[in-house]
Amino acid sequence: MSGQLRFLLGYEQLVKNLLQSLPEDDAAAQAVGGDFEHFGVLEHALLRGEGLRDGSSILDVGCGSGRLATKLGRYPALRYLGLDVVPELLDYARRKVGRPDFHFEKVDAPKMPLSAPVLDFCVFFSVFTHILPEESYVYLEEAHRVLKPGGKVVFSFLEHASAASKPVFDANLKWVRERHVAGHLNTFLHRADLRVWAERIGFEVAALHLGESRFIEVDAECATPAVSEGLYALGQSVCVLRKRGG
Ligand SMILES: C[S@@+](CC[C@H](N)C(=O)[O-])C[C@H]1O[C@@H](n2cnc3c(N)ncnc32)[C@H](O)[C@@H]1O
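Residues numbered from 1 in each chain as written. Predicted model: local features only at pLDDT ≥ 70, side-chain atom pairs only at ≥ 80, totals over all residues. Heavy atoms only, no water.

Taking an unreviewed UniProt entry as the reference, the protein chain is identified by name as Methyltransferase type 11 domain-containing protein belonging to uncultured Acetobacteraceae bacterium.

Chemist: Sorry, what's going on with the overall build of the protein chain here?
Modeler: Across its full length, the protein chain holds nine helices and nine strands. Radius of gyration (C-alpha) of the protein chain: 17 Å, near the 18 Å computed for a compact globule of 246 residues. Dimensions of the protein chain along its principal axes, counting C-alpha atoms only, are 50 × 40 × 40 Å. Looking at the 246 residues of the protein chain, the share that counts as buried comes to 49%. Of the contacts formed within the protein chain by residues at least 6 apart in sequence, a portion of 72% connects residues at least 24 apart. When the accessible surface of the protein chain is summed, it comes to about 11,300 Å², and 54% of that surface belongs to carbon and sulfur atoms. (Helix = DSSP H or I, 4+ residues; strand = E, 2+ residues; numbered from the N terminus. Rg over C-alpha atoms; globule rule 2.2 N^0.38 Å. Buried < 20%, exposed > 50% of the residue type's maximum accessible area, 1.4 Å probe, protein only. Contact = heavy atoms within 4.5 Å. Areas by Shrake-Rupley, 256 points an atom, 1.4 Å probe, with all protein chains shown as cover.)

Chemist: Is there a simple way to explain the pairing of strand β1 (residues 57-61) in this structure?
Modeler: Look at any regular strand and the pattern is simple: side chains alternate between the two faces of the sheet. With five of five residues buried, β1 is to be regarded as a mostly interior element. Taking every second residue as pointing to the same face, both faces of β1 are buried, with Ser 57, Leu 59 and Val 61 on one and Ile 58 and Asp 60 on the other. Direction of pairing for β1 relative to strand β2 (residues 79-84): parallel, over a ladder of five bridges. Paired with Asp 60 across the two strands is Gly 82, which belongs to β2. As paired elements, β1 and strand β4 (residues 119-124) share three bridges and run parallel to each other. Its bridge partner lying in β4, Leu 59 is registered against Cys 122. (Pairing = 2+ DSSP bridges.)

Chemist: Please clarify how helix α4 (residues 36-49) should be interpreted in this entry.
Modeler: Spacing of three or four residues puts side chains on the same side of an α-helix, whose turn is 3.6 residues. Under the 1.5 Å per step criterion, the end-to-end length of α4 is 20 Å for 14 residues, consistent within 8% with the ideal 20 Å. Across the 14 residues of α4, eleven count as buried, placing the element largely inside the fold. Along α4, the positions that sit buried rather than exposed are Phe 36, Phe 39, Gly 40, Val 41, Leu 42, Glu 43, His 44, Ala 45, Leu 46, Leu 47 and Arg 48. Two residues or fewer after α4 comes Gly 51, characterised by a positive phi angle close to 110 degrees. (Expected span 1.5 Å × (residues − 1).)

Chemist: Could you clarify how one ought to interpret the packing of aromatic side chains in this entry?
Modeler: The geometry of an aromatic ring pair comes down to the distance between the two centres and the angle between the two planes. Enumeration over the complete set of coordinates arrives at eight aromatic pairs. Aromatic pair Tyr 80 and Phe 102: ring centres 4.9 Å apart, planes at 20 degrees, arrangement stacked. Residue Tyr 80 is located in strand β2, and its partner Phe 102 is located in the loop between α6 (87-97) and β3 (103-106); the two are separated by 22 residues in the primary sequence. Of the residues examined, Tyr 80 reaches a relative accessible area of 2% and is grouped as buried. An aromatic cluster is present here, built from Phe 124, Phe 128, Tyr 139, Phe 155 and Phe 157 joined pairwise through their rings. (Phe/Tyr/Trp six-rings, centres within 6.5 Å; stacked < 30°, edge-to-face > 60°.)

Chemist: What exactly am I supposed to notice about the sheet that holds β3 here?
Modeler: Strand pairing within a sheet occurs via backbone hydrogen bonds; the two strands may be parallel or antiparallel. On the basis of which strands lie adjacent, the open sheet formed by seven strands has the order β3-β2-β1-β4-β5-β9-β6 and mixed pairing. Looking at the sheet topology across the chains shown, the edges are occupied by β3 and β6 (203-209). Ignoring which end each strand starts from, the neighbouring axes of this sheet average 15 degrees apart. Relative to β3, β2 runs parallel, the two sharing four bridges. (Axes fitted to C-alpha atoms, helices over the stretch in contact; angles between N-to-C directions.)

Chemist: Quick question: what am I supposed to make of the site of the ligand here?
Modeler: Near the ligand, the surroundings consist of 18 residues, among which Glu 43, Gly 62, Arg 67, Asp 84 and Tyr 139 are the closest. Note that an oxygen atom of the ligand is positioned 2.7 Å from one of the side-chain N or O atoms of Glu 43. Between Tyr 139 and the ligand, the recorded distance is 2.7 Å, taken from a side-chain N or O atom to a nitrogen atom. Within the complex, the protein chains bury 96% of what would otherwise be the 590 Å² of accessible surface of the ligand. (Near = heavy atom within 4 Å. Polar contact = N/O pair within 3.5 Å; in protein donor to acceptor, adjacent residues only side chain to side chain.)

Laid out in structure tokens, this is it:
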């Protein structure tokens with residue numbers, strides 16, 4: 001096994017460690033990368049910009065502790081399913097969001113628990129950043145299977161073309177050189193490969209944004225006391241794919 005993989009922690013263990021050492025709210029926020037409110041607002045605003053409305057149906061893969069779901073709780077007719085590999089995060093999200101009609105389920109494999117193409121959105125925020133590219137590819141195939149024609153996949157990713165991704169690559173290099181820090185896997189994808197994947201699976205590439213690009217418009221509807229109206233960058237690059245045929 002490569003040096004880097006030998007020093008990796010799985011997400012389940014990472015969350016257990018955080019829960020043992022921090023109050024639950026802090027552990028739940030850190031498990032998804034921190035800044036719960038800020039990134040919740042940006043994810044919500046980004047999806048509104050892509051057409052998310054009350055009544056949309058959305059699958060949030062790697063939903064974590066509910067950073068996005070808490071912002072979507074305001075839409076009474078929205079259909080929401082969150083999937084994650086860590087049961088403690090799903091329990092936390094369920095409690096935090098407090099919507100009995102929002103569903104949260106554990107997954108053990110890149111398989112969507114849906115049998116028909118019923119979704120308007122399938123989103124992966126900061127998930128393809130932590131799994132192997134092959135698993136991301138299978139997730140995209142699954143997303144294609146369960147999206148309606150014209151439905152969208154939105155995912156964030158790390159790429160060398162983005163200056164915003166460089167600190168993460170530097171941290172990866174540090175692991176490899178020093179071989180003593182246990183963290184989780186940080187995976188880089190390449191936009192040229194994403195175009196090939198999209199074509200193979202049956203998507204068109206609707207948008208690709210660099211991590212530092214301030215393309216997310218937080219309007220009055222999405223702004224909160226902590227995150228004011230304006231244009232923001234996500235920090236990770238963003239890809240939007242549309243299922244052909246809509
Ligand atoms: C950085 S967090 C992002 C959480 C959430 N999407 C957000 O933006 O707040 C990554 C999440 O992906 C989950 N995860 C890791 N591997 C996964 C997999 N193979 N399938 C689904 N979720 C996974 C982790 O448990 C964690 O909750």
